[in-house]
Amino acid sequence: MTDLKSRFLQVYSVLKSELLNDPDFEFTDDSRHWVEQMLDYNVLGGKLNRGLSVVDSYKLLKLGKELTDDEMFLACSLGWCIEWLQAYFLVLDDIMDGSHTRRGQPCWFRMPKVGMIAVNDGLILRNHISRIIKKHFKGKPYYVDLLDLFNEVEFQTTHGQMIDLITTLVGEKDLSKYSLSLHRRIVQYKTAYYSFYLPVACALLMLGENLDNHVNVKETLVEMGIYFQVQDDYLDCFGDPETIGKIGTDIEDFKCSWLVVKALELCNADQKKTLYENYGKDDPACVAKDAYLEYEQTSYEKITNSIEAHPSKAVQAVLKSFLAKIYKRQK
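Residues numbered from 1 in each chain as written. Predicted model: local features only at pLDDT ≥ 70, side-chain atom pairs only at ≥ 80, totals over all residues. Heavy atoms only, no water.

## Remarks on the overall build of the chain
Across its full length, the chain carries 13 helices and two strands. The buried share of the chain, taken over its 331 residues, is 51%. Contacts in the chain between residues far apart in sequence, at least 24 positions, make up 77% of those at least 6 positions apart. Accessible surface computed for the chain: about 16200 Å², of which carbon and sulfur atoms make up 53%. (Helix = DSSP H or I, 4+ residues; strand = E, 2+ residues; numbered from the N terminus. Buried < 20%, exposed > 50% of the residue type's maximum accessible area, 1.4 Å probe, protein only. Contact = heavy atoms within 4.5 Å. Areas by Shrake-Rupley, 256 points an atom, 1.4 Å probe, with all protein chains shown as cover.)

## Some remarks on the packing of aromatic side chains
Within this structure, the stated rule accounts for 14 aromatic pairs. Where Y300 meets Y327, the ring centres are 3.9 Å apart and the plane angle is 20°; that geometry is what we call stacked. In this pair, Y300 is assigned in helix α12 (residues 290-308) and Y327 in the segment after α13 (313-326), connecting sequence segments 27 residues apart. On the basis of relative accessibility, which here comes to 28%, the residue Y300 falls in the partly exposed class. Of the residues examined, Y327 reaches a relative accessible area of 23% and is grouped as partly exposed. Cation over ring: K325 sits above F322, and NZ or CZ is 5.2 Å from the ring centre. (Phe/Tyr/Trp six-rings, centres within 6.5 Å; stacked < 30°, edge-to-face > 60°. Lys NZ or Arg CZ within 6 Å of the ring centre and 35° of its normal.)

## Thoughts on the packing of helix α3 (residues 49-61) against α13
Their axes nearest at 8 Å, the elements α3 and α13 cross at an angle of 150°. Between α3 and α13, the crossing angle belongs to the class labelled roughly antiparallel. Two packed elements cross with a definite hand, and for α3 against α13 that hand is right-handed. When α3 is examined against α13, the residues S53, D56, S57, L60 and L61 are found in contact with a partner set consisting of A314, V315, A317, V318, S321, F322 and K325. Looking at side-chain class alone, the contact of α3 with α13 contains seven nonpolar, three polar and two charged residues. (Axes fitted to C-alpha atoms, helices over the stretch in contact; angles between N-to-C directions. Parallel < 35°, antiparallel > 145°, perpendicular 65-115°, else oblique. Left-handed = near helix turned anticlockwise from the far one by under 90°. Nonpolar A, V, L, I, M, F, W, Y, C, P; charged D, E, K, R; others polar.)

## Digging into the side chain of E296
Mapped onto the secondary structure, E296 falls in helix α12. Not counting the four nearest positions on each side in its chain, E296 is found in contact with Y227, Q231, Y327 and K328.

## Structural notes on the state of the cysteines
Considering all chains together, one arrives at zero disulfides under this definition. Left without a disulfide partner, C202 is nearest to the cysteine sulfur of C81, which lies 7.5 Å away. (Disulfide = S-S within 2.5 Å.)

## Some words on unusual backbone geometry
Phi at L48 is positive, roughly 65°, even though this residue is not glycine. The residue L48 is located in the loop between α2 (29-42) and α3 in this model. One non-glycine residue, K113, lies in positive phi territory at about 75°. By the element assignment, K113 lies in the loop between β2 (105-106) and α5 (117-137).

## Some details on the environment of Y194
Residue placement: Y194 occurs in helix α7 (residues 180-206). Y194 sits 45 residues away from L149 along the chain, and the two C-alpha atoms are 9.9 Å apart. Contacts of Y194, omitting those with residues within four sequence positions, involve R50, I82, L85, Q86, F89, V153, T157 and P199. Side chain to side chain, Y194 and Q86 meet in a polar contact 2.3 Å long. (Polar contact = N/O pair within 3.5 Å; in protein donor to acceptor, adjacent residues only side chain to side chain.)

## Remarks on the environment of R102
With respect to the helices and strands, the residue R102 is situated in strand β1 (residues 101-102). Sequence-wise, R102 and G46 are 56 residues apart; in three dimensions their C-alpha atoms are separated by 9.3 Å. Only 2.7 Å separates the side chain of R102 from the side chain of D94, close enough to count as a polar contact.

## Thoughts on α13
With 14 residues, α13 extends 20 Å between its outermost C-alpha atoms, agreeing within 8% with the 20 Å of an ideal straight helix rising 1.5 Å per residue. Here α13 has its buried residues at A314, V315, Q316, V318, L319, S321, F322, L323 and I326. Immediately beyond the C-terminal end of α13, within one or two residues, lies K328, with a positive phi of roughly 60°. (Expected span 1.5 Å × (residues − 1).)

## Quick look at the nonpolar core
Core analysis: the largest hydrophobic core is formed by 83 residues, its most contacted members being W84, F150 and M224. Once residues within four sequence positions are removed from consideration, W84 is found in contact with Y12, L15, L19, L39, V43, L125, H128, I129 and I132. Counting residues in hydrophobic clusters, the runner-up holds seven residues, among them V230, Y234, L235 and L259. (Core = buried A, V, L, I, M, F, W, Y, C linked by side-chain atoms within 4.5 Å.)

## Structural notes on the confidence of the model for the chain
Residues with a pLDDT of 70 or more make up 81% of the chain, whose mean pLDDT is 85. This model gives residues 244-248 a pLDDT under 50, and the stretch forms 14 contacts once residues within four places in sequence are excluded. Low pLDDT (under 50) marks residues 281-285, which in the prediction has nine contacts with non-local residues, meaning those over four places away or in another chain. (pLDDT = per-residue confidence, 0-100.)

## Focus on the environment of D145
Residue position: D145 is located in helix α6 (residues 143-167). On the basis of relative accessible area, D145 is assigned to the partly exposed category, the value being 41%. With 65 residues separating them in the primary sequence, D145 and N210 have C-alpha atoms 8.9 Å apart.

## A short note on a nonpolar patch on the surface
On the surface, M116, V119 and L123 cluster together to form a nonpolar patch covering roughly 270 Å² of accessible area. The exposure class assigned to M116 is exposed, which follows from its relative accessible area of 52%. (Patch = residues over 30% accessible without salt bridge, like charges linked within 9 Å, V, L, I, M, F, W, Y side chains within 5 Å. Salt bridge = Lys/Arg side-chain N within 4 Å of Asp/Glu carboxyl O.)

See below:
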């Protein structure tokens with residue numbers, strides 16, 4: 001993995017250099033320096049799981065055959081496109097949420113001299129994806145499908161974010177709107193498609209597959225994405241900020257978190273009254289951990305069964321590798 005990560009990071013350097021010398025824009029020294037700083041701060045620094053998953057998935061789909069240098073570069077490039085997409089979402093998400101930290105450091109918009117310039121930086125990050133895909137994939141038979149895929153996933157993610165935001169409008173804090181089905185819808189669109197389905201879909205396209213033939217793979221990966229976000233909600237409340245790299249604020253922000261929708265489902269009238277009175281305040285609501293542990297086990301078994309029902313051993317291997325990365329994670 002260390003060797004793969006170092007190769008992956010080498011590709012980042014190549015892509016960054018290409019973008020900073022894009023012939024369609026006349027960079028000044030200041031603008032080039034700004035974009036380089038912005039990229040290093042926001043695109044790097046994460047665990048890179050989404051990006052590396054493209055390469056892992058492609059190798060598993062090729063039944064472990066050694067990738068050529070060209071295949072490795074292309075798989076890494078698509079992996080970086082997902083990391084760029086993630087950076088774009090997070091830069092804007094942090095502004096909308098008024099967050100303070102991300103990946104153990106101040107959010108980009110809170111850095112000196114940045115502020116609301118971060119909005120435009122987010123748009124630049126999104127535009128970079130199109131530039132990378134155009135430069136390295138335009139001659140490929142799956143070029144249009146690749147553009148469609150990124151556009152579709154961005155459409156789904158931004159609309160998931162919209163549902164999340166309008167559910168927690170300031171001055172309209174109403175717990176009665178919260179439910180497990182609403183939480184599932186937010187998570188499915190806001191997180192699952194781009195974090196879980198997109199890396200595998202990129203690998204399938206590189207292999208020459210038609211994504212319409214892999215709807216069951218999409219469904220399994222979406223289930224994994226929902227399970228992942230429930231873990232995230234749990235860690236936001238109970239995780240160690242030193243380990244997860246951020247200070248969780250879901251309760252104070254009145255988020256439609258799995259913990260609160262599950263608590264609403266389980267609690268009696270008096271407990272519900274207490275929850276209504278305290279949720280959204282700086283004193284975190286006390287929610288039992290047992291329900292989460294039960295959910296975790298049930299989800300794991302359900303996802304494992306759907307993976308083992310898939311006819312292709314190669315696809316099974318891809319899905320199992322994803323599940324292994326997230327099961328019982330602490331950050």
